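Per-entry structural report
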Number of protein chains: 2
Amino acid sequence: MKAPGRGKEIDNIMEDKILMGHGSGGKLMNDLINGLIKDKFGPCSLQLDDSAVLPIGSNNIAFTTDTFTITPIFFPGGDIGELAVNGTVNDLAVMGAVPLYISSGFILEEGFPIADLEKVMDSMRKAAQYAGVQIVTGDTKVVEKGKADKIFINTSGIGLLKSGVQRQDIETGDLILINGTIGDHGISVMAQRNNFSFSSRLLSDCAALNLLIAAVLEKAPGAVKFMRDPTRGGVASVLNELVHHRPFSARLIEEKLPVKDEVNGVCDILGIDPLYAANEGKVIMVVKKEKAAAIVDVMRTVKEGEEAGIIGEISETYPGKVFVETGVGGKRMLPLLIEEQLPRIC
Amino acid sequence: MKAPGRGKEIDNIMEDKILMGHGSGGKLMNDLINGLIKDKFGPCSLQLDDSAVLPIGSNNIAFTTDTFTITPIFFPGGDIGELAVNGTVNDLAVMGAVPLYISSGFILEEGFPIADLEKVMDSMRKAAQYAGVQIVTGDTKVVEKGKADKIFINTSGIGLLKSGVQRQDIETGDLILINGTIGDHGISVMAQRNNFSFSSRLLSDCAALNLLIAAVLEKAPGAVKFMRDPTRGGVASVLNELVHHRPFSARLIEEKLPVKDEVNGVCDILGIDPLYAANEGKVIMVVKKEKAAAIVDVMRTVKEGEEAGIIGEISETYPGKVFVETGVGGKRMLPLLIEEQLPRIC
């Protein structure tokens, strides 16, 4: 597996036009977000978490938005509609919120088959039913052929916040958990784009995480210190964001990382590290060490957590960094991704 | 001024592909929404109003979403960023909600100049400040050149609902108000697209309506029975939706309709009726007859309502229809628009 990035000096990227990498979940995007958006919309808009937490009346809500431009729109294990609902449900759930309401904004390319729109909407309906959220409001725009790519979907979501997750409590010794195999979504989509025949069993992990997360929060209140769904940029990017400028690192144990053989096979051919590949039904949790085993047990009782496990720990080695410890005692650093690796993966 | 539509039998439109008209705000879109979306997402998702009204905790909120694909992105009197904030603020405000929070989802075409993105974001920031809302969460996706058109923006918004507006209370004799001139947005964009030199004074009316509406609701509580911003499809489409299958009509008085000379000039050339052209800073209100004059007075104290006036009434003639009474006693029917008249106007 190759290290990601293309060898550019990361402090030397100054562009005057939007590049594909600005949508990648890596450093280019962070620069754009942290720079431009903070500058224009003010620090309040700088969303380090997956949802904004906001007071409304006497309650706190989580509010999030996500636009889906994935290609192809039908992929092994899901489609853009299912992805759009689950993605927003998950962004609310990882904040500890109970997802309630979803909006749906379509951009349709002229000539897009209505039969495909029906399939996408069926998937949205089923995904919403499974997650227990309502699609309550929507908007549809149509643009000329060649001015979009089939269908783009924005979903925004509102959740009611009951229990909070405090990332500042993280300390050395906390354990890092994931609810199943790594990289399935990104790699299955890439395999389909490349027409790899040997990967026919590979499916996206696209799934709603709110039932899993609710079970964990109920059974182990106060034990979860951080949750995030590792979508664009994958597990490595989420952990990099977590440890950046902090006095601790994320130490992953290679032999504990659940990666399917087919995913490793595709990754070897494409030169991609699965730790940077998108997941759409996974949550990374940082939890109190003494509660980790119990949380894994709870996860395994829920469909979306059957292959849950501990994959690493918060360490004092290499503060601010993410690294993998290999079986023979070696260490492989996982730097912040600079540029687009898997464009239009969600 | 020509009547709209292209002479198709409106009950005979069955297509298997998305047409430009599916995004028009007319009958094609209504068929798509009422048919497909109701069928797939269930009756709860059928949003007859501009926002969904939802309980959350102990409060009621309004929640809305809108995607902006206007071309050109910079137009006389505004740009896509200002439009995206104001459009969602207005969808909340016409529900009687106090707009609080806005999300911002960008789709950027590879190669889009970052300087243009900065201009758009500056406009969003200024519009949000003026309207008193916060842009609290966002998402950015980038697609390949030729797979989008410069920039598309989705904004979703949350407002706190204080006073409700009950459309079922409407009755014959209620008066129809608007806060200013009709068709400015749609016609100024069309004039720019056609490079009409004589229309250089024409500007979009793009504006936030929440301050105006708040003033009216405060000064005349209980007097407003219906509010809606006449965007895509214009004044005629909003009123058609209001009276459809109801035992009353909307009777407009031609000499009371505020239309700028330049707008009429462009409309004559293009064969467009300004009553079907998009507005982006206008609200149609149906109000109790005895309160109408006072409401107009309140409106005129606010910048966005300086040219407010009574333009018609709820009538018992031609139930379910919208019509204009001309100075010489003639009547011109304003049917529901069938197809796209002004594509990508918002």
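Residues numbered from 1 in each chain as written. Chains lettered and ligands numbered in written order. Predicted model: local features only at pLDDT ≥ 70, side-chain atom pairs only at ≥ 80, totals over all residues. Heavy atoms only, no water.

1. So, the interface of chain A and chain B
Across the contact, 78 residues belong to chain A and 78 residues belong to chain B. Among the residues chain A hides against chain B, the three largest losses belong to Ile 18, Lys 40 and Phe 41 of chain A. Together they make up 11% of the total. Run the count over chain A and chain B and you get 10 salt bridges. Lys 40 of chain A serves as the salt-bridge partner of Asp 122 of chain B, at 3.3 Å between the closest nitrogen and oxygen. For the interface between chain A and chain B, the tally reads 32 residue pairs in polar contact (both at pLDDT 80 or more). At the level of elements, helix H1 (27-41), strand S1 (52-56), strand S2 (59-68), strand S5 (97-109), helix H3 (114-131), strand S6 (134-143) and strand S7 (151-161) of chain A are the ones that each hand at least two residues to the side of chain A that touches chain B. Tallied by class, the residues present in the side of chain A that touches chain B amount to 37 nonpolar, 24 polar and 17 charged. (Contact = heavy atoms within 4.5 Å. Buried area = accessible area lost by both parts, 1.4 Å probe. Salt bridge = Lys/Arg side-chain N within 4 Å of Asp/Glu carboxyl O. Polar contact = N/O pair within 3.5 Å; in protein donor to acceptor, adjacent residues only side chain to side chain. Helix = DSSP H or I, 4+ residues; strand = E, 2+ residues; numbered from the N terminus. Nonpolar A, V, L, I, M, F, W, Y, C, P; charged D, E, K, R; others polar.)

2. Thoughts on the packing of aromatic side chains
According to the stated counting rule, one finds three aromatic pairs over all chains in the structure shown. Here the aromatic rings of Tyr 318 of chain A and Phe 323 of chain A are separated by 5.1 Å at their centres, their planes lie at 85°, and the arrangement is edge-to-face. Seen from the ring of Phe 74 of chain A, Lys 119 of chain A lies directly overhead, with NZ or CZ sitting 4.3 Å from the centre. Seen from the ring of Phe 68 of chain A, Lys 141 of chain B lies directly overhead, with NZ or CZ sitting 5.2 Å from the centre. (Phe/Tyr/Trp six-rings, centres within 6.5 Å; stacked < 30°, edge-to-face > 60°. Lys NZ or Arg CZ within 6 Å of the ring centre and 35° of its normal.)

3. Focus on the sheet that holds S1 of chain A
Residues and elements named next belong to chain A. Read from one edge to the other, the open sheet built from five strands follows the order S1-S2-S7-S5-S6, with strand pairing classed as mixed. Two strands bound the open sheet, and with one partner strand each, they are S1 and S6. The mean inter-strand angle of the sheet, taken between neighbouring strand axes irrespective of direction, is 20°. Alignment of S2 against S7, held across eight bridges, turns out to be antiparallel. When the sheet's bridge partners are listed, Ile 61 is paired in S7 with Leu 160. (Pairing = 2+ DSSP bridges. Axes fitted to C-alpha atoms, helices over the stretch in contact; angles between N-to-C directions.)

4. Concerning the domain arrangement of chain A
Residue and element names in this part refer to chain A. Along its sequence, chain A is organised into domain 1 (49-161) and domain 2 (175-333). One C-alpha centre belongs to domain 1, the other to domain 2, and the line joining them spans 23 Å. Per-residue buried area on domain 1 facing domain 2 is highest for Pro 76, Val 94 and Tyr 130; these three make up 31% of the total on that side. For the pair domain 1 and domain 2, the number of links is zero salt bridges. Joining domain 1 to domain 2, the criterion identifies six residue pairs in polar contact (both at pLDDT 80 or more). Counting only elements with at least two residues in the side of domain 1 that touches domain 2, the list comes to strand S3 (74-75), helix H2 (80-93) and H3. Split into classes, the residues belonging to the side of domain 1 that touches domain 2 amount to 12 nonpolar, six polar and four charged. (Domains from an automatic or database assignment.)

5. Some words on helix H5 (residues 210-219) of chain A
Turning to H5 of chain A, its buried residues number three or more, namely Asn 210, Leu 212, Ile 213, Ala 215, Val 216 and Leu 217 of chain A. For H5 of chain A, the secondary structure elements touched by its buried residues are H2, S5, H3, strand S9 (224-228), strand S11 (284-287) and helix H8 (292-300) of chain A. (Buried < 20%, exposed > 50% of the residue type's maximum accessible area, 1.4 Å probe, protein only.)

6. A word on the packing of H5 of chain A against H8 of chain A
All names here are of chain A. Here H5 crosses H8 at 140°, and the two axes come no closer than 9 Å. One finds that H5 runs oblique with respect to H8. By crossing handedness, the relation of H5 to H8 is classed as right-handed. In this structure, H5 uses Leu 212, Ala 215, Val 216 and Lys 219 to contact H8, whose residues at the interface are Ile 295, Val 298 and Met 299. (Parallel < 35°, antiparallel > 145°, perpendicular 65-115°, else oblique. Left-handed = near helix turned anticlockwise from the far one by under 90°.)

7. Some thoughts on the pattern of salt bridges
In this structure the tally under the stated criterion is 40 salt bridges over all chains. The partner of Asp 174 of chain B in a salt bridge is Lys 225 of chain B, and the shortest N-O contact between them spans 3.0 Å. With Asp 174 of chain B in the loop between strand S7 (151-161) and strand S8 (175-178) and Lys 225 of chain B in strand S9 (residues 224-228), this residue pair connects regions lying 51 residues apart in the sequence. The structure contains a network of salt bridges with shared partners spanning Lys 40 of chain A together with Glu 118, Asp 122 and Arg 125 of chain B.

8. Points about the pairing of S11 of chain A
All names here are of chain A. Neither face of S11 is exposed, since Ile 284 and Val 286 on one face and Met 285 and Val 287 on the opposite face are all buried. Pairing of strand S8 (residues 175-178) with S11 involves four bridges; the strand directions are antiparallel. If you follow Leu 175 over to S11, its bridge partner there is Val 287. The pairing of S9 with S11 spans four bridges and is antiparallel. Paired with Arg 228 across the bridge in S11 is Ile 284.

9. With respect to the pairing of strand S6 (residues 134-143) of chain B
Residues and elements named next belong to chain B. Among the 10 residues in S6, eight count as buried, and that is most of the element. By the bridge criterion, nine bridges tie strand S5 (residues 97-109) to S6 in an arrangement that is parallel. Counted as the bridge partner of Tyr 101 is Gln 134 from S6. Taken together, S5, helix H3 (residues 114-131) and S6 form a β-α-β motif whose crossover is right-handed. (Right-handed = clockwise from strand over helix to strand, strands pointing away.)

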